[in-house]
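Spelled out, the chains give:
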Amino acid sequence: MQPTGNRLLDLLSPEALDRLRPHLSAEMLPLSRTLQERGKPVEDVFFPTSGMISIVAMMRDGAAVEVGVAGREGMLGVQTVLGDDVSLNEAMVQIPGSALRLPTEVLRREAQTSAQLRGVLLRYVQAYLNSATQSAACNRAHLLEQRLARWLLTARDRAGADRLPLTHEFIAMMLGVRRAGVTVAAQSLQSAGLIHYAHGRITIADREGLETAACECYEVTKREYARLLGFMGDESPAKALDVRAPTPHLTG
């Protein structure tokens, strides 16, 4: 069976995936495209095959802070798996790419009938929540340079590319810090030979060095994805992942 390019979908059995294929549509994800709006119904979910989507919390004063990401390891629309129809946050394309789009009602219907699909989705939700809680602790406990290294590694893993079209302004918004702080942290990483930055593009030059510079949160999150879904970092998904354990019944 030909892989879809999305690791979550590629964990499914041929039978489960074949039931979804007629409803999957390929979508280009141009930079800054809004895929979900705050307070609006979530009519479709997205399974990225390249690029990266940022889930952003918007404050009353207009400030925006990234609270989650979705790339080829997962999906945008985790709330629909838990029975919610409304998005609390906004979702926008941060790194251009592509995705497979699926109507929410189809996902729920198929998850009700397929224990394997339901199990994969719920394990992903758990991994996603674990990542979010780790990020909250990271933002409180670690230095900006460590956080930036971790974030760049996460973006690289989700997008599947060493060259990332990212400006300091955009990174500052995602990390919830001032641009000047990002500039200093990026210059430090560049001076160490870990990244190259020019003209709104960051290139990871030394991945192993960047992992050393990052805080432990990057490895903790990778291990959680490996434990729950069978893959981490750039590794291929484990097709033999056992998702037969009893899982809660989805609402819909």
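Notes on the structure in this doc start here. If you're wondering where the values come from, they're calculated on a predicted model, not measured in any experiment. (Residues numbered from 1 in each chain as written. Predicted model: local features only at pLDDT ≥ 70, side-chain atom pairs only at ≥ 80, totals over all residues. Heavy atoms only, no water.)

1. What about the packing of aromatic side chains?
Right, on to step 1. By the definition in use, this model includes two aromatic pairs.
Right, on to step 2. Relative to Tyr128, the ring of Tyr124 lies with its centre 6.2 Å away and its plane at 45°, an arrangement referred to as tilted. Residue Tyr124 and its partner Tyr128 are located together in helix 4 (residues 115-141), separated by four residues, close to a single helical turn. Neither Tyr124 nor Tyr128 differs from the other in exposure class; each is buried.
Right, on to step 3. An aromatic cluster is defined as three or more aromatic residues linked by ring pairs; in this entry it consists of Tyr124, Tyr128 and Tyr225.
Right, on to step 4. Here the basic side chain of Arg158 rests over the ring of Tyr225, its NZ or CZ set 5.2 Å away from the ring centre. (Phe/Tyr/Trp six-rings, centres within 6.5 Å; stacked < 30°, edge-to-face > 60°. Helix = DSSP H or I, 4+ residues; strand = E, 2+ residues; numbered from the N terminus. Buried < 20%, exposed > 50% of the residue type's maximum accessible area, 1.4 Å probe, protein only. Lys NZ or Arg CZ within 6 Å of the ring centre and 35° of its normal.)

2. Section: the nonpolar core
Soluble, globular proteins show a tendency: their nonpolar side chains are buried together.
Right, on to step 1. Judged by nonpolar contacts, the single largest core of 40 residues is most densely connected at Leu8, Phe47, Met75, Tyr124 and Leu229.
Right, on to step 2. Looking at this core, the elements that each hand over two or more residues are helix 1 (14-20), strand 3 (44-58), helix 2 (78-81), strand 5 (90-103), helix 3 (104-113), helix 4 and helix 9 (217-229).
Right, on to step 3. For this core, the element with the most residues is helix 4, which contributes eight residues. (Core = buried A, V, L, I, M, F, W, Y, C linked by side-chain atoms within 4.5 Å.)

3. Comments concerning helix 9
Each α-helix winds once per 3.6 residues, and so residues spaced three or four apart point in a common direction.
Right, on to step 1. For helix 9, which comprises 13 residues, the first-to-last C-alpha distance of 18 Å matches the rise-based estimate of 18 Å (1.5 Å per residue) to within 8%.
Right, on to step 2. Where helix 9 is concerned, the buried positions are Cys217, Tyr218, Thr221, Lys222, Tyr225, Leu228 and Leu229. Taken down its axis, helix 9 places every buried residue within 140° of arc, on the same side.
Right, on to step 3. Buried residues in helix 9 make contact with helix 4, helix 5 (144-159) and helix 8 (207-213). (Expected span 1.5 Å × (residues − 1). Arc of directions from axis to C-beta. Contact = heavy atoms within 4.5 Å.)

4. Notes on the packing of helix 5 against helix 7 (residues 179-191)
Right, on to step 1. Two elements in contact, helix 5 and helix 7, have axes separated by 9 Å at closest approach and are oriented at 75°. By the angle between their axes, helix 5 is roughly perpendicular relative to helix 7. For the pair helix 5 and helix 7, contact is made by Leu144, Glu145, Leu148, Ala149 and Leu152 and by Gly181, Val182, Ala185, Ala186, Ser188 and Leu189, respectively.
Right, on to step 2. When grouped by side-chain class, the residues that make up the contact of helix 5 with helix 7 number eight nonpolar, two polar and one charged. (Axes fitted to C-alpha atoms, helices over the stretch in contact; angles between N-to-C directions. Parallel < 35°, antiparallel > 145°, perpendicular 65-115°, else oblique. Nonpolar A, V, L, I, M, F, W, Y, C, P; charged D, E, K, R; others polar.)

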